[in-house]
Amino acid sequence: MKKTTLLLISISFFISSAQTLEERKKIIKNYDIDAIEKLEIRLKNENEKVEESINKFLKENKTFKRVIRSGNKNYHLARIIDGKPVYQTTDNVNSAKATRTNFLHNGGGLGINLEGQDMFIGIWDEGIARMTHYEFRESDTSTTSRVENGDGGSIDSHGTHVAGTMVGRGYRDNAKGMAPQAQLVSYNWSNDYTEVLNQARFGGLLISNHSYGFPVRDPDTNEQNSPTWLMGCYDSDAANWDNIPYLAPYYLQVVSAGNDGESSYSGGLLSGFDKLTAEKNAKNNLVVANANNPFVINGNVISLSINDSSSQGPSDDGRIKPDIAGDGTQLYSADSGNDLAYSVSTGTSMAAPNVSGSLLLLQQYYNQLNGSFMKSATLKGLACHTASEDGTRFGPDPIFGWGLLNSKFAAETILAASSEDALITESSVNIGETYTVSFDVSAGEPLSATLCWTDPPGTSRNGQLNSPQPALVNDLDLRIYSPDGNNIYFPWKLDLNDISGLATTGDNLVDTVENIDVDNPISGTYTLTVTHKGGVDTSDQDFSLIVTGAGMVLGFNNNTLSEIKVWPNPANDIINFKFPSQNSKPALLSLYDIQGRQVHKKTISSRNSTTRGQIKTTSLARGIYVLKIKQGNASMQQKIVLK
């Protein structure tokens, strides 16, 4: 997808030390605990039925095994579908610079020094990571591990390699993970539904990585492993995984797309496409394709290609899947042989942790600047919105999704939104209602807007081949209107009748991510609307909105302090400010540095119709700050430069 460039100055409940107790309480305080408990009971019952069906099948079919060893991989019997065994395996075939995550690290180009400090992330895999590995120790001189065994599972090579890609600290420089100071809780995949649900419910889990799934073909016989109808199908697995973030809306599941890019079968949507199975067709997760060593210079993608093994979408209803691409080709990471073992591996198994670890840093940065974490729809929308292409493709596709993860641009967008040079907002809309925001743009400066929402779980299509029936429950619509009223801009969408062709624009009836690009806007005020067209669920639908454009100036709404005056800016020793009082309540003033640290706090009483005051800055370092003022329900943010 063609993206705008922001012109900015670079600047587990199992793990008690990861994320503060207050932060975890804020994440889970509005979760529907009763609904979560009911879902947990249902998922446990379903898992018991699956296990019963496997035991019955193995008893009646003595030649089949629960685990098959082929090459260097294990294939585990996970389902009996249509009377036949379906095996599950890890999504590997045999990085930070490609996805620009290195710009966020200590000493990186953005100067924000993010490495997952005081953050925690989860991993579900064939087995657990080797906790004692040097890559997981807190320091060269410490034996304390940042990895915890969540369920008592046995150590596994694949799980260790994936965990290293997520949180390896760089004991060996080229094995440094995306979030090298983060804490990690490691599980095997046996009870992934309920374990994830409980980590989200009790521990405030924000992100988990899942690099496994049902391959298209059997490893030994090369016969088809997954039934044809399962490819691209919104099945009961997809619906169950959609239910978890719907009830725990800060949680995001990151999933590998699979490595069947070169596999073939008959009966799909189109030869060479339609190879995603089970949860890889869910609406509310983030499914990751494997880019083939993208060529990136100074944060810019010069060339971008897909690894031939990466599984293609879309979902049967035409949804854009995979969602995004990461770098998972020839990744060097920790291995489980001993505490200093390393290996190189390739696959979407490696691309997914490249993305999940990077996204954890974006949550960390957003929390530093805003005092709260993003909902998963905001994080997913931001990742898709800021994804990169190399200029040879336009719009999303069922191979890369929205493009290659660009952590640098995502972090820049978070910073820009903190000073209203961009928009990242979370709101809601009911059926028939319209949310409206306006903004001024300069002629010729590209404009981009992305809408994302966590949709209620849809009706599963088990057994249905290539069903075009949308899995969507609540259909939201994104539109942008030009200043002269002559143009209405529509979001990107795929054409089910031309899967291998370019994306088109129009009324998107299937995706929970909608994006509009206006490449050559005219000068003036553009209006953006989000409407709730309707659906099965009659309650408010929460949504997230991201808007970027060089030179963009946002309009104000009723919950924003208007007519704010701040002077001088840039400032030397004193910052003055005043604005019309919204009510008689005192105003809370806070000043934050670029790393999100509060350096000044003050409460100011209103005087008649105007609230005014000043900040002495002689003791502060020169640089960029964010001034935040809140009075009642109204608030504002202003970028401040001290020279």
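Everything numeric in this text was worked out from a predicted model, so none of it was measured. (Residues numbered from 1 in each chain as written. Predicted model: local features only at pLDDT ≥ 70, side-chain atom pairs only at ≥ 80, totals over all residues. Heavy atoms only, no water.)

A. Region of interest: the overall build of the protein. Looking only at helices and strands, the protein has eight helices and 33 strands in total. Scored against the burial criterion, the 643 residues of the protein give a buried share of 59%. (Helix = DSSP H or I, 4+ residues; strand = E, 2+ residues; numbered from the N terminus. Buried < 20%, exposed > 50% of the residue type's maximum accessible area, 1.4 Å probe, protein only.)

B. Structural view of the sheet that holds strand β4 (residues 120-125). Ordered by their spatial adjacency, seven strands build an open sheet running β5-β6-β4-β7-β9-β10-β13, and the pairing between neighbours is parallel. Where the open sheet ends on each side, the last strands, each with one partner, are β5 (147-149) and β13 (324-327). Each adjacent strand pair in this sheet contributes to an overall mean axis angle of 30°, direction not counted. In the packing of helix α7 (residues 376-385) onto the sheet, contacts are made with β7 (207-210), β9 (252-256), β10 (286-291) and β13, and the angle to β9 comes to roughly 45°. (Pairing = 2+ DSSP bridges. Axes fitted to C-alpha atoms, helices over the stretch in contact; angles between N-to-C directions. Contact = heavy atoms within 4.5 Å.)

C. Just the confidence of the model for the protein, in detail. The share of residues in the protein with pLDDT of 70 or more is 89%, and the mean pLDDT across the chain is 86. Of the regions scoring below 50 in pLDDT, residues 556-562 engages in 18 contacts with residues more than four places distant in sequence or in other chains. (pLDDT = per-residue confidence, 0-100.)

D. Fine view of helix α8 (residues 407-418). For α8, spanning twelve residues, the distance from its first C-alpha to its last is 17 Å, which sits close to the expected 16 Å at 1.5 Å a residue. Counting buried positions over the twelve residues of α8 gives twelve, a clear majority of the element. Restricting attention to buried positions, one finds in α8 the residues Ser 407, Lys 408, Phe 409, Ala 410, Ala 411, Glu 412, Thr 413, Ile 414, Leu 415, Ala 416, Ala 417 and Ser 418. Two residues or fewer after α8 comes Glu 420, characterised by a positive phi angle close to 65°. (Expected span 1.5 Å × (residues − 1).)

E. Just the state of the cysteines, in detail. All told, the structure shown has zero disulfides when counted by the stated rule. Its sulfur unpaired, Cys 384 is 6.6 Å from the next cysteine sulfur, which belongs to Cys 452. (Disulfide = S-S within 2.5 Å.)

F. Broad picture of the packing of aromatic side chains. Under the definition given, this model contains eight aromatic pairs. Geometrically, the ring pair formed by Tyr 435 and Phe 543 is edge-to-face, given 5.2 Å between the ring centres and 75° between the ring planes. One end of the pair, Tyr 435, is in strand β17 (residues 434-441); the other, Phe 543, is in strand β25 (residues 541-549), and 108 residues separate them in sequence. The same class applies to Tyr 435 and to Phe 543, which are both buried. Here the basic side chain of Arg 137 rests over the ring of Tyr 134, its NZ or CZ set 3.9 Å away from the ring centre. Positioned above the aromatic ring of Phe 103, the side-chain terminus of Lys 408 is 5.4 Å from the ring centre. (Phe/Tyr/Trp six-rings, centres within 6.5 Å; stacked < 30°, edge-to-face > 60°. Lys NZ or Arg CZ within 6 Å of the ring centre and 35° of its normal.)

G. Focus on helix α5 (residues 236-247). Helix length check: α5, at twelve residues, gives a terminal C-alpha distance of 17 Å against a target of 16 Å (1.5 Å per residue), a fit within 8%. Every buried residue of α5 is listed here: Asp 237, Ala 238, Ala 239, Asn 240, Trp 241, Asp 242, Asn 243, Ile 244, Pro 245 and Leu 247. Contacts from the buried residues of α5 go to α2 (33-60), β2 (73-81), α4 (192-203), β7, β9 and α7. Of the residues flanking the start of α5, the one acting as N-cap is Asp 235, its side-chain oxygen 3.3 Å from the backbone nitrogen of Asp 237. (Polar contact = N/O pair within 3.5 Å; in protein donor to acceptor, adjacent residues only side chain to side chain.)

H. Structural detail: the pairing of strand β12 (residues 300-303). Two elements, strand β11 (residues 295-297) and β12, share three bridges in a ladder whose sense is antiparallel. By the bridge assignment for β12, Ile 297 is matched with Asn 300. Here β11 folds back onto β12 in antiparallel fashion, the turn holding two residues, of which Asn 298 has a positive phi close to 50°.

I. Representation of the pattern of salt bridges within the structure. Applying the stated rule across the entire model yields 22 salt bridges. With a closest N to O distance of 3.3 Å, Lys 44 and Glu 40 form a salt bridge. With a gap of four residues between them, Lys 44 and Glu 40 both fall in helix α2, about one helical turn apart. Residue class for Lys 44 comes out partly exposed when judged on its relative accessible area of 42%. (Salt bridge = Lys/Arg side-chain N within 4 Å of Asp/Glu carboxyl O.)

J. Up close: unusual backbone geometry. Between Gly 313 and Pro 314 the backbone carries a cis peptide bond, its omega angle lying at 0°. Relative to the elements of secondary structure, Pro 314 occurs in the loop between β12 and β13. In this structure, Pro 322 follows Lys 321 across a cis peptide bond, with omega equal to -5°. Structurally, the position occupied by Pro 322 is in the loop between β12 and β13. A positive phi angle, near 55°, is found at Asn 113, a position not held by glycine. In this fold, Asn 113 is placed in the loop between β3 (84-90) and β4.

K. Region of the structure containing the packing of helix α6 (residues 348-370) against α8. The N-to-C vectors of α6 and α8 enclose an angle of 15°; their axes lie 10 Å apart at closest approach. Our classification of the angle between α6 and α8 gives roughly parallel. Note on packing geometry: the crossing formed by α6 with α8 is right-handed. Contact residues: Ser 358, Leu 362, Tyr 365, Tyr 366 and Leu 369 in α6; Ser 407, Ala 410, Ala 411, Ile 414, Leu 415 and Ser 418 in α8. Of the residues assigned to the contact of α6 with α8, the class counts are eight nonpolar, three polar and no charged. (Parallel < 35°, antiparallel > 145°, perpendicular 65-115°, else oblique. Left-handed = near helix turned anticlockwise from the far one by under 90°. Nonpolar A, V, L, I, M, F, W, Y, C, P; charged D, E, K, R; others polar.)

L. A look at the environment of Gln 224. Inspection of the secondary structure assignment puts Gln 224 in the loop between β8 (212-213) and α5. The class of Gln 224 is partly exposed, set by a relative accessible area of 30%. As a C-alpha pair, Gln 224 and Ser 263 span 39 residues in sequence and 9.6 Å in three-dimensional space. Beyond its immediate stretch of four places on either side in the chain, Gln 224 contacts Val 216, Arg 217, Asp 218, Met 231 and Tyr 265. A polar atom in the side chain of Gln 224 sits 3.0 Å from the side chain of Thr 228.

M. Structural view of the packing of α4 against α5. Two elements in contact, α4 and α5, have axes separated by 10 Å at closest approach and are oriented at 10°. On the basis of the axis angle, α4 is roughly parallel to α5. Note on element contacts: α5 touches α4 through Ser 236, Asp 237, Asn 240, Trp 241 and Ile 244, opposite Asp 192, Tyr 193, Val 196 and Leu 197. Partitioning the contact of α4 with α5 into residue classes produces five nonpolar, two polar and two charged.

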